[in-house]
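Given next are the chains, with one letter for each unit.
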Amino acid sequence: MRDKWMFYLSLPVAALVSPAYAVDYLSVEQAQQVLFSDGQTLTAVPVHLSSAQLSQIRDLAGVRQRNADPKVWKAEKDGQTVGWFLVDEVVGKHEFITYATALSVDGKVLGVEIMSYRETHGGEIRRADWRALFKGKTLSDQFRLNRDIPNISGATLSCRNVTDGVKRLLALQKVALMP
Amino acid sequence: MTGRRRQRPLLGTFVEIATTAEGPGADAAITKGFEVIARVHDLASFQNPDSELSRLNGAAGEAMTLHPLLVRVLRLARAMTHSSGSLFNCTLGGASVRRGILPDHGCRDFRDEGASDDVELRGHTVRLRNNVLVTLDGIAKGFAVDMAVQCLKRHGVNAGWINAGGDMRAFGDVAVPVVLRLLDDRLLPVGDLRNGAIATSRVASYDDARFPGTILSSHGHSPDVGLWSVIAAQAWRADALTKVAALAPPADRAGLLHRLKGRIVPADLGTES
């Protein structure tokens, strides 16, 4: 039977706030305050992963842990370990993302914050202070068309890379941070 | 100049919240804003078989009492379905399931599509008539942004913006330059947004589409394939109106959008190069 429908799809198009090619969101300290805002103390913990541990992580997460010296902090409150804070990086097709993950002691994700985003190709990366957008502009209209914006290289925002990264950090916790 | 800008992976995309304020109060407000967005998504997800929306779709026409946030977005979706003459249609879940665009959670017989009055609302009690399946995919992300903006304001944040993978709203004294990332990775600056919302959809025929999206009924006429950006006061409205813009007959488009309180911008984006 012939389909009486003509099917069309509406697909969302990613919109960005420029300058989008390089954004600093949070410093390590700021990310710690955001993810552990309840008076926890964070202490850097040196962790070195053996090659056996690295391959265990790959088996558990399905993604390779490249860095044998991950950046790990322990969160403590009243002398008890209450969680872990990890800073990690993922490299996508065109971008380089640094992000922070907070994990509970029993291996749950408490939160993920992007710390910085960089596009990795297309010539020199320009860093503009996004706070300049907050300068009280006197626009009367709700929308003004086609402001001059510097030429920016293309990139695909890879949310998937970050979610895979978080999975890898959960495996890392299991292998190296759990008693 | 102070300010805080944060980004989290949520809803399978990146959600960005920026505020002119900074400090512990602003950070707490932003965290709550992210939570509101996740909450709306959890309630209104068609994909998740355990969401409240999926329970409603699976209720075989029985009345259900639902979370106020879900009732609110259902009310908006129903009203927009009605006032747009079903150019935006929240009862297209059945057609999408039949085409494999949305998952089949084992609902009994369902119809391809219905009309606005198939969604019955009484207070917080909702009933679906005529075996329709409701999908809020064309409106819920925008609605989530609106709810998060309300949440930020309630927590004392006077100005900022939220961008949930393209559904964007700016509030207070900021002018936000918006760039669209096209499917071929080109970046297209479209303008500055101030005290309003913008949403953009690419309309493609089913065969050309590379990714799942929201299905559009054709009602016998083809939509204009290409990019549709709409601005409106609220993000839910901009989100829903991109579908209306694509499907409206060209002669009526501007008038219809005006009546539904949206505006297409800019006209030359309406064709794909």
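Residues numbered from 1 in each chain as written. Chains lettered and ligands numbered in written order. Predicted model: local features only at pLDDT ≥ 70, side-chain atom pairs only at ≥ 80, totals over all residues.

Novice: I'd like a description of the overall build of chain A, backed by residues and values.
Specialist: Per the secondary structure count, chain A includes three helices and nine strands. Out of the 179 residues in chain A, the part that is buried amounts to 36%. Look at the contacts in chain A between residues 6 or more apart in sequence, and 65% of them connect residues 24 or more apart. (Helix = DSSP H or I, 4+ residues; strand = E, 2+ residues; numbered from the N terminus. Buried ≥ 20, exposed ≤ 12 C-beta atoms within 10 Å, placed from the backbone. Contact = placed C-beta atoms within 7 Å.)

Novice: Could you give me a rundown of the overall build of chain B, with the residues and numbers involved?
Specialist: Scanning chain B from N- to C-terminus turns up seven helices and 13 strands. The C-alpha atoms of chain B give a radius of gyration of 18 Å, which matches the 19 Å a tight globule of 273 residues would have. Reported as C-alpha extents along the three principal axes, the dimensions of chain B are approximately 60 × 45 × 35 Å. Counting every position in chain B, which comprises 273 residues, the buried fraction comes to 55%. For chain B, restricting intrachain contacts to residue pairs at least 6 apart in sequence, the fraction spanning at least 24 positions comes to 62%. (Rg over C-alpha atoms; globule rule 2.2 N^0.38 Å.)

Novice: Go over the pairing of strand E6 (residues 80-91) of chain A with me, naming the residues and quoting the values.
Specialist: Residue and element names in this part refer to chain A. As judged from the seven bridges shared by strand E5 (residues 71-77) and E6, these two strands associate in the antiparallel manner. Pairing of Lys-71 across the sheet is with Val-87, part of E6. The antiparallel hairpin formed by E5 and E6 contains two residues in its connecting segment, where Asp-78 sits at a positive phi of about 50°. Of the pairings in the sheet, the one linking E6 to strand E7 (residues 95-104) comprises nine bridges and is antiparallel in character. Residue pairing in the sheet places Val-91 in a bridge with Phe-96 of E7. (Pairing = 2+ DSSP bridges.)

Novice: How would you sum up the sheet that holds strand E4 (residues 41-45) of chain A? Please name residues and give values.
Specialist: Residue and element names in this part refer to chain A. The six strands lie next to each other as E3-E8-E7-E6-E5-E4, forming an open sheet whose pairing is antiparallel. Of all the strands in the sheet, the pair left with one neighbour each is strand E3 (22-24) and E4. Pairs of neighbouring strands in the sheet enclose a mean axial angle of 25°, with direction left out of account. Helix H1 (residues 28-35) contacts E4, E5, E6, E7 and strand E8 (109-119) of the sheet and is inclined by roughly 150° relative to E8. Each of E6, E7 and E8 touches helix H3 (residues 159-177); the most contacted strand, E7, lies at about 45° to it. (Axes fitted to C-alpha atoms, helices over the stretch in contact; angles between N-to-C directions.)

Novice: Explain the packing of helix H6 (residues 235-247) of chain B against helix H7 (residues 250-259) of chain B to me, and be specific about the residues and the numbers.
Specialist: Residue and element names in this part refer to chain B. Across the interface, H6 lies against H7 with an axial gap of 9 Å and an inter-helix angle of 160°. The orientation of H6 with respect to H7, classified from their angle, is roughly antiparallel. Relative to H7, the crossing made by H6 is right-handed. Packed against H6, whose contacting residues are Leu-241, Val-244 and Ala-245, the element H7 presents Arg-253, Leu-256 and Leu-257 at the interface. (Parallel < 35°, antiparallel > 145°, perpendicular 65-115°, else oblique. Left-handed = near helix turned anticlockwise from the far one by under 90°.)

Novice: I'd like a rundown of the environment of Leu11(A), residues and numbers included.
Specialist: With respect to the element layout, Leu11(A) can be found in strand E1 (residues 8-12). Distance from Leu11(A) to Lys174(A), taken between C-alpha atoms, is 38 Å for residues 163 residues apart in sequence.

Novice: Explain helix H3 (residues 68-83) of chain B to me, and be specific about the residues and the numbers.
Specialist: All names here are of chain B. Helix length check: H3, at 16 residues, gives a terminal C-alpha distance of 22 Å against a target of 22 Å (1.5 Å per residue), a fit within 8%. Within the span of H3, buried status applies to Leu-70, Val-73, Leu-74, Leu-76, Ala-77, Arg-78, Met-80 and Thr-81. Buried residues in H3 make contact with helix H1 (24-44), helix H2 (52-57), strand E4 (119-122), strand E5 (125-128), helix H5 (140-154) and H6. One or two steps after H3, the chain reaches Gly-85, where phi turns positive at roughly 60°. (Expected span 1.5 Å × (residues − 1).)

Novice: Before we move on, can you summarise the sheet that holds E4(B) with the specific residues and values?
Specialist: Residues and elements named next belong to chain B. The strand order E3-E5-E4 describes an open sheet built from three strands, whose pairing is antiparallel. Looking at the sheet topology across the chains shown, the edges are occupied by strand E3 (64-65) and E4. Contacting E4 and E5, H3 runs over the sheet at an angle of about 130° to E4.

Novice: Which residues make up the environment of Thr135(B), and what values go with them?
Specialist: Residues and elements named next belong to chain B. Relative to the helices and strands, Thr-135 is located in the loop between E5 and H5. According to the C-beta neighbour criterion, Thr-135 is buried, with 28 such atoms within 10 Å. As a C-alpha pair, Thr-135 and Ala-77 span 58 residues in sequence and 9.3 Å in three-dimensional space. If we ignore the near neighbours within four places in the chain, the residues touching Thr-135 are Phe-46, Cys-90, Leu-92, Gly-93, Ser-96 and Leu-102.

Novice: Just give me the short version of the confidence of the model for chain B, but keep the residues and values in it.
Specialist: Residue and element names in this part refer to chain B. In this model, chain B carries an average pLDDT of 88, and 91% of its residues clear a pLDDT of 70 or more. Of all the helices and strands in chain B, strand E11 (residues 214-216) carries the lowest mean pLDDT, 73, while H3 carries the highest, 98. With pLDDT under 50 throughout, residues 269-273 is counted as low confidence; its partners more than four residues away or in other chains account for 10 contacts. (pLDDT = per-residue confidence, 0-100.)

Novice: A description of the packing of helix H2 (residues 51-61) of chain A against H3(A) should follow, citing residues and the corresponding values.
Specialist: Residue and element names in this part refer to chain A. Relative to each other, H2 and H3 sit at 130°, their axes nearing to 9 Å. In terms of orientation, H2 and H3 fall into the oblique class. Judged by the sense of rotation from one axis to the other, the crossing of H2 with H3 is right-handed. Mapping the contact onto sequence places Gln-53, Gln-56, Ile-57, Leu-60 and Ala-61 in H2 and Lys-167, Arg-168, Ala-171, Leu-172, Lys-174, Val-175 and Ala-176 in H3. Grouping the amino acids of the contact of H2 with H3 by side-chain chemistry returns seven nonpolar, two polar and three charged. (Nonpolar A, V, L, I, M, F, W, Y, C, P; charged D, E, K, R; others polar.)

Novice: How would you summarise the confidence of the model for chain A if you had to cite specific residues and measurements?
Specialist: All names here are of chain A. Here chain A averages 78 in pLDDT, and 72% of its residues register 70 or above. Low pLDDT, under 50, characterises residues 122-127; the predicted model gives this stretch 10 contacts beyond four residues in sequence or across chains. Every residue in residues 134-156 scores below 50 in pLDDT, and together they form 58 contacts with partners more than four places removed in sequence or on other chains.

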